[in-house]
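Structural characterization, general
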Amino acid sequence: MAEAVKVLIIGSGPAGYTAAIYTSRANLSPVLYEGIEPGGQLTTTTDVENFPGYPESVTGPDLMAQMRKQAERFGADIRSGMVTTVDLSSRPFHVVVDGTTEIKAETLIIATGASAKYLGLPSETKFRGQGVSACATCDGFFYRKKDVAVVGGGDTACEEASYLASLCRKVYMIVRKPHLRASKAMQQRVFNTPNIEVLFEHNTAEVLGDESGVTGALLRKNDGTEMKIDVSGFFLAIGHHPNTEIFRDQLKLDAEGYVKVEPGTSKTSVEGVFAAGDVRDPHYRQAITAAASGCIAALDCERFLLR
Ligand code: NDP
């Protein structure tokens, strides 16, 4: 028989754990399923220096472990497991975990996050967290006065390159096309920044490094010629994809697949289903904004249950 749950939280990043802290303190006995990457994207970063309350910084894994512990302190039931299917056609919602465990959830808080896209090179995977990063705002500070590369030609890549240019000595933008996809304003910003060099029609063949981390990248031009750049940071800005596959056709999503919410709230197109964190936010994508939206989802959920 399916287990009855009042509040089911899917996802274990800052949004999911914050929702668990708030709903457990409200005596709603939340159950949280962690998914395939317990702790979420922050567990792949090293030092987090911009989360308020940690003047000496904290590592991503430690921050997530502390959020988890805080949720457990108030009785949140945190379980490992991956939600494999959901049926949102009637309430309580029918949810299946790992293809076997059935749950009837009165309310649902979706905090499944988004995943940065990577090129898929083995060398890129090897140096992830050791010079390879998909978040300049998070990690750019570690490359002050050094040379770095940013892959991508969209608005994110231009924004990240501009941000990095204010900290770093030189920024290479590695762009596979002969032009940028970004808005004209962002392009101008890049072209007007003297320490950004745009390498059009280049692809990354390999990220180079040693035991200290990234030391460079081997690039291949579309005409087949190769060149090597010396960089200590290698940033990916080739887009994110929200983890919303299981909700497709059941919830209103935007063109990129992010969950649509009623402005100023966490309410989705289905009553009793709330969304928090990167799964509904293609713009800010910070731990602190995800945590804040987890709080909003918990409060919306609590009010819904009190109706
Ligand atoms: P985009 O999809 O717009 O751009 C991705 C970029 O990465 C493109 O240049 C693409 O190249 C390149 N790319 C994709 N895959 C690869 C690959 N395998 N190898 C090399 N390059 C690759 O993503 P963004 O994250 O930049 O933007 C997402 C959305 O958010 C957009 O709508 C954007 O406008 C918006 N945004 C707005 C901002 C603002 O207004 N301030 C800031 C940031 C984002 P190609 O062009 O060849 O496809």
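Residues numbered from 1 in each chain as written. Predicted model: local features only at pLDDT ≥ 70, side-chain atom pairs only at ≥ 80, totals over all residues. Heavy atoms only, no water.

What about the overall build of the protein?
A tally of helices and strands in the protein yields 7 helices and 19 strands. The C-alpha radius of gyration of the protein comes to 21 Å, within 12% of the 19 Å expected for a compact globule of 307 residues. Seen through its principal axes, the protein has C-alpha atoms that stretch 60 × 40 × 35 Å. Relative to its full complement of 307 residues, the protein shows a buried share of 50%. Considering only residue pairs separated by 6 or more positions, the protein has 57% of its internal contacts joining residues 24 or more positions apart. Across the protein, the centroid of the 32 positively charged side chains sits 4 Å from that of the 37 negatively charged ones. (Helix = DSSP H or I, 4+ residues; strand = E, 2+ residues; numbered from the N terminus. Rg over C-alpha atoms; globule rule 2.2 N^0.38 Å. Buried < 20%, exposed > 50% of the residue type's maximum accessible area, 1.4 Å probe, protein only. Contact = heavy atoms within 4.5 Å. Lys, Arg positive; Asp, Glu negative; His and termini not counted. Charge placed at Lys NZ, Arg CZ, Asp CG, Glu CD.)

Section: the environment of Ala116
When you line up the elements, Ala116 lands in strand S9 (residues 114-116). Ala116 gets classed as buried once you look at its relative accessible area, which sits at 12%. Considered as a pair, Ala116 and Ile238 are 122 residues apart in the sequence and their alpha carbons are 7.8 Å apart. Ignoring sequence-local partners within four residues, the contact set of Ala116 consists of Gln41, Ala134, Gly239 and His240.

Details of the site of the ligand
In the vicinity of the ligand there are 13 residues, among which Gly153, Asp155, Thr156, Arg176 and Arg181 approach most closely. Side-chain polar atom of Asp155 to an oxygen atom of the ligand: 2.6 Å apart, as the coordinates give it. Within the shell around the ligand, the residues separate by chemical class into 3 nonpolar, 5 polar and 5 charged. (Near = heavy atom within 4 Å. Polar contact = N/O pair within 3.5 Å; in protein donor to acceptor, adjacent residues only side chain to side chain. Nonpolar A, V, L, I, M, F, W, Y, C, P; charged D, E, K, R; others polar.)

Details of the sheet that holds strand S17 (residues 233-236)
Read from one edge to the other, the open sheet built from 5 strands follows the order S10-S17-S11-S12-S13, with strand pairing classed as parallel. Looking along the sheet, the strands with just one partner apiece sit at the ends: strand S10 (132-133) and strand S13 (196-200). Looking at chain direction, strand S12 (residues 170-175) and S13 are connected through 5 bridges and run parallel. The residue of S13 that forms the bridge with Val171 is Ile196. With respect to the sheet, helix H5 (residues 155-165) is in contact with strand S11 (147-151), S12, S13 and S17, its orientation differing from that of S12 by roughly 165°. (Pairing = 2+ DSSP bridges. Axes fitted to C-alpha atoms, helices over the stretch in contact; angles between N-to-C directions.)

A word on the packing of aromatic side chains
Using the criterion set out here, one finds 3 aromatic pairs in the structure. Look at Phe51 and Tyr54: their rings are 6.3 Å apart centre to centre, the planes differ by 55°, and that puts the pair in the tilted class. Among the residues examined, Phe51 registers a relative accessible area of 14% and is labelled buried. Measuring from ring centre to ring centre gives 5.6 Å for Tyr143 and Phe235, while their planes differ by 85°; the resulting arrangement is edge-to-face. Here Phe235 lies in strand S17 and Tyr143 lies in the loop between helix H4 (136-139) and S11, a separation of 92 residues in the sequence. The pair formed by Tyr143 and Phe235 is uniform in burial state, with each residue classed as buried. (Phe/Tyr/Trp six-rings, centres within 6.5 Å; stacked < 30°, edge-to-face > 60°.)

What to know about the domain arrangement of the protein
Assigned domains within the protein: domain 1 (3-115 + 241-306) and domain 2 (118-236). Distance from the C-alpha centre of domain 1 to the C-alpha centre of domain 2: 31 Å. Each partner contributes to the interface: domain 1 provides 8 residues, whereas domain 2 provides 6 residues. Here domain 1 packs against domain 2, burying approximately 640 Å² in sum over the two surfaces, 47% of which is carbon and sulfur. The tally of links from domain 1 across to domain 2 stands at 0 salt bridges. In this assembly, domain 1 and domain 2 are joined by 0 residue pairs in polar contact (both at pLDDT 80 or more). (Domains from an automatic or database assignment. Buried area = accessible area lost by both parts, 1.4 Å probe. Salt bridge = Lys/Arg side-chain N within 4 Å of Asp/Glu carboxyl O.)

Observations concerning helix H6 (residues 184-191)
Every buried residue belonging to H6 is among Met186, Gln187 and Val190, and all of these are buried. Along the axis of H6, the buried positions cluster into a sector of 100°, meaning they face one direction only. Projecting away from the buried face of H6 at angles above 90 degrees are the exposed residues Lys184 and Ala185. (Arc of directions from axis to C-beta.)

What to know about the packing of H5 against H6
The interhelical angle for the contact between H5 and H6, taken along N-to-C directions, is 30°, at an axis separation of 9 Å. Our pair here, H5 against H6, has a crossing hand that is left-handed. Two secondary-structure elements touch here, H5 through Asp155, Cys158, Glu159 and Ser162 and H6 through Met186, Arg189 and Val190. Here the residues of the contact of H5 with H6 sort into 3 nonpolar, 1 polar and 3 charged. (Left-handed = near helix turned anticlockwise from the far one by under 90°.)

Description of the pairing of strand S7 (residues 93-97)
Within a regular strand, the side chains alternate between the two sheet faces. Among the 5 residues of S7, 4 are classified as buried, and the element is accordingly described as predominantly covered. By the bridge criterion, 4 bridges tie strand S6 (residues 83-87) to S7 in an arrangement that is antiparallel. When the sheet's bridge partners are listed, Val86 is paired in S7 with Val95. Here S6 folds back onto S7, and the loop between the two strands holds 5 residues. Taken together, the 5 bridges between S7 and strand S8 (residues 101-110) define a ladder with antiparallel strand orientation. Considered in S8, the bridge of Val97 is made with Thr101. Joining the antiparallel neighbours S7 and S8 is a turn of 3 residues, in which Asp98 adopts a positive phi near 50°.

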